[in-house]
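# Architecture and fold: a report
These are the residues of each chain, in order.
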Amino acid sequence: MSRVRLLTPGPVELHPRAQLVLSGPQVHHRTAPAREAFQAVREDLKAAFGTEGEVLLLTGSGTAAMEALVGGLFSPGERVAVPVSGKFSERWAEIAGALGLDVVRGDFPWGQPLSPEEVLGLLDRNTRGVLLTHSETSTGVLNPLAAIAAAVRSVHPDLLVVADAVTSLFLAAFSLDAMGLDAAVAGSQKGLMLPPGLAFVALGPRALQRLRPYGYYLNLDRERKVQAKGESAFTPAINLVLAARAVLEVLLPGLEDQLQTKRGHLERLYRIGEGRGLRPVPSRDGVPVPMDFRTPATAAFYLPEGVGFEALRDAFLARGARIAGGQGALKGRTFRISLMGYFPPEAAEWAFGVFEEVLEELL
Ligand SMILES: *Cc1c(COP(=O)(O)O)cnc(C)c1O
């Protein structure tokens, strides 16, 4: 089978260091080297998330971390606010609803960055938390979380501010403590360039204080105690932990460069698309928003007039590349192209070339 490269916003092209580790023999998780790697990854992720608190590792996709966090921080009946403007912010609302919280859901246009005022409008005296999405992968929007968190704090100082950082960690500037956030989640198959299967929960000091037991498998309160010793309550995806360690070793020291490279890739993708008349999804009242409000995780465009997603997807596939379509409300109306995974310069140039060729062919 000829290889198809993933220009999709998760899962992504793997980091070669991850591939190397994953081809090695199985390691037992209750051994000293496994514990040591487990702790090293937790420490590295603490630095990546930018928190003085803790990072816990869960076996599952990013959504497992979202559920664990909602369950661990809030009790049934407690009020949380969720501004919804895409598939992943909607997921917060669905999880909170499934766990029996009192969900105040605000619906905003998909593709439009949230404003602090819009979020403040959802809060009242009884609100215990707000669930936000930093990089809304479904629309390509990067929400101004620091400004939103600051506005929330100034009016409701005790409220917990929780963020989905699944496609902003390692891709856009992120710092839990400095951005005024209390807790955040991420996963292995996005900016870390690993296969799916590991989820991360970052807990700042206030969230650690509020943590309570929840459920069985996704019980962060229990995990916190066990993970202090470098183990997890159940068999962890230890192979992925070892792979994470190998990737973090090179990714963390060069994080600034990585963020610049990814931003450069994003600008290039938008320049190519907009140059051919494509309309970016991140926009306000039909006007494309500045690059600061577009996530480096993926470029997102409305489909050109008269071109269906299948035709576009197949034109990419014919050249050995896979792109993603729209999700939820944007299904059948948009497409997404991403260089979130491992793209050294020559692979990135190849991807830009494919994009140009496809547009040349179809437009
Ligand atoms: C990928 C993603 C998730 C997690 O999805 P999983 O399929 O559970 O890994 C959550 N939020 C955002 C913004 C994502 O892009």
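Small disclaimer: the values here were computed from a predicted structure and weren't measured.

The ligand sits among 13 residues. The nearest are S61, T63, T137, D164 and K190. A distance of 2.5 Å separates an oxygen atom of the ligand from a polar atom in the side chain of S61. T63 has a polar side-chain atom sitting 2.4 Å from an oxygen atom of the ligand. Protein contact buries 88% of the 380 Å² of open area that the ligand shows by itself. In terms of residues, the shell around the ligand owes the most to one element, helix α3 (residues 62-73), which gives 3 residues. Here the shell around the ligand is built from residues that sort into 3 nonpolar, 7 polar and 3 charged.

With that settled, consider the domain arrangement of the chain. Looking at the chain, the domain boundaries give domain 1 (5-12 + 255-362) and domain 2 (16-251). Placing a centre on the C-alpha atoms of domain 1 and another on those of domain 2 gives a separation of 25 Å. Each partner contributes residues to the interface: domain 1 has 31 residues there, and domain 2 has 26 residues. When the two sides are added together, the surface that domain 1 and domain 2 hide from each other amounts to roughly 2,500 Å², 65% of it contributed by carbon and sulfur. Ranking the residues of domain 1 by area buried against domain 2 places R284, F293 and Q327 at the top, with a combined share of 20%. Inspection of the domain 1/domain 2 interface yields 0 salt bridges. Linking domain 1 with domain 2 are 7 residue pairs in polar contact (both at pLDDT 80 or more), by the criterion used here. When residues of the side of domain 1 that touches domain 2 are traced back to their parent elements, those giving at least two are α10 (255-275) and β11 (283-284). By residue number, the principal contributor to the side of domain 1 that touches domain 2 is α10, which donates 5 residues. A per-class count over the side of domain 1 that touches domain 2 returns 17 nonpolar, 8 polar and 6 charged.

Turning next to the pairing of strand β4 (residues 102-107). Side-chain direction in a regular strand flips from residue to residue, so the side chains alternate between the two faces of the sheet. The pairing of strand β3 (residues 79-84) with β4 spans 6 bridges and is classified as parallel. Bridge assignment links V80 to a residue of β4, and that residue is V103. With respect to chirality, the unit in which β3 leads through helix α4 (residues 87-98) into the neighbouring parallel β4 is right-handed.

In this section: the pattern of salt bridges. Scanning the model with the defined rule gives 21 salt bridges in all. The salt bridge partner of R35 is E231, with a shortest N-O separation of 2.7 Å. Of this pair, R35 sits in helix α2 (residues 32-49) while E231 sits in the loop between α8 (220-227) and α9 (238-251), and the two are 196 residues apart along the sequence. On the accessibility criterion, R35 (29% relative accessible area) is partly exposed. A cluster of three or more residues bridged by salt bridges with shared partners is formed by R30, R35 and E231.

The strand order across the open sheet formed by 3 strands is β13-β16-β15, and the pairing between neighbours is antiparallel. The open sheet terminates on both sides in strands that have one partner only, identified here as β13 (299-302) and β15 (324-325). Along the sheet, α10 contacts β13 and β16 (334-337); its crossing angle with β13, the most-contacted strand, is approximately 15 degrees.

In this structure the tally under the stated criterion is 8 aromatic pairs. An aromatic cluster of at least three residues, connected via ring pairs, comprises Y270, F301, F316, F335 and F355. Between R5 and the ring centre of W350, over which it is positioned, the NZ or CZ distance is 5.1 Å. When the ring centre of Y270 is taken as origin, the NZ or CZ atom of R294, which lies over that ring, is 4.4 Å away.

A word on the sheet that holds β4. If you trace the 7 strands from one edge of the open sheet to the other, you get β2-β10-β9-β8-β5-β3-β4, paired in mixed fashion. If you trace the sheet from one side to the other, it starts and ends with β2 (54-59) and β4, each paired once. Strand-to-strand twist in this sheet, taken as the mean axis angle between neighbours without regard to direction, amounts to 20 degrees. In the sheet, strand β9 (residues 183-187) pairs with strand β10 (residues 198-203) via 5 bridges, with the strands oriented antiparallel.

A rise of 1.5 Å per residue sets the reference length of helix α12 (residues 345-362), with its 18 residues, at 26 Å; its end C-alpha atoms lie 26 Å apart and thus fit the reference within 8%. Within α12, the full set of buried residues consists of A347, A348, A351, F352, V354, F355, V358 and L359. Projected down its long axis, α12 shows its buried positions confined to an angular sector of 155 degrees, all on one face. For α12, the exposed residues lying more than 90 degrees away from the buried face are P345, E346 and E360. The inward-facing, buried residues of α12 abut α10, β13, α11 (309-317), β14 (321-322) and β16.

The subject of this paragraph is the pairing of strand β8 (residues 160-164). Within β8, 5 of the 5 residues are buried, leaving the element largely enclosed by the surrounding structure. Residue alternation in β8 divides its side chains into two sets, L160, V162 and D164 and V161 and A163, and both sets are buried. Pairing between strand β5 (residues 127-133) and β8: 5 bridges, direction parallel. Among the inter-strand pairings, V130 is bridged to a residue of β8, identified as V161. Both β8 and β9 contribute to a ladder of 3 bridges, which runs parallel. In the strand pairing of β9, A163 is matched with A184.

Calculation criteria
- Residues numbered from 1 in each chain as written.
- Predicted model: local features only at pLDDT ≥ 70, side-chain atom pairs only at ≥ 80, totals over all residues.
- Heavy atoms only, no water.
- Near = heavy atom within 4 Å.
- Polar contact = N/O pair within 3.5 Å; in protein donor to acceptor, adjacent residues only side chain to side chain.
- Areas by Shrake-Rupley, 256 points an atom, 1.4 Å probe, with all protein chains shown as cover.
- Helix = DSSP H or I, 4+ residues; strand = E, 2+ residues; numbered from the N terminus.
- Nonpolar A, V, L, I, M, F, W, Y, C, P; charged D, E, K, R; others polar.
- Domains from an automatic or database assignment.
- Contact = heavy atoms within 4.5 Å.
- Buried area = accessible area lost by both parts, 1.4 Å probe.
- Salt bridge = Lys/Arg side-chain N within 4 Å of Asp/Glu carboxyl O.
- Pairing = 2+ DSSP bridges.
- Right-handed = clockwise from strand over helix to strand, strands pointing away.
- Buried < 20%, exposed > 50% of the residue type's maximum accessible area, 1.4 Å probe, protein only.
- Axes fitted to C-alpha atoms, helices over the stretch in contact; angles between N-to-C directions.
- Phe/Tyr/Trp six-rings, centres within 6.5 Å; stacked < 30°, edge-to-face > 60°.
- Lys NZ or Arg CZ within 6 Å of the ring centre and 35° of its normal.
- Expected span 1.5 Å × (residues − 1).
- Arc of directions from axis to C-beta.

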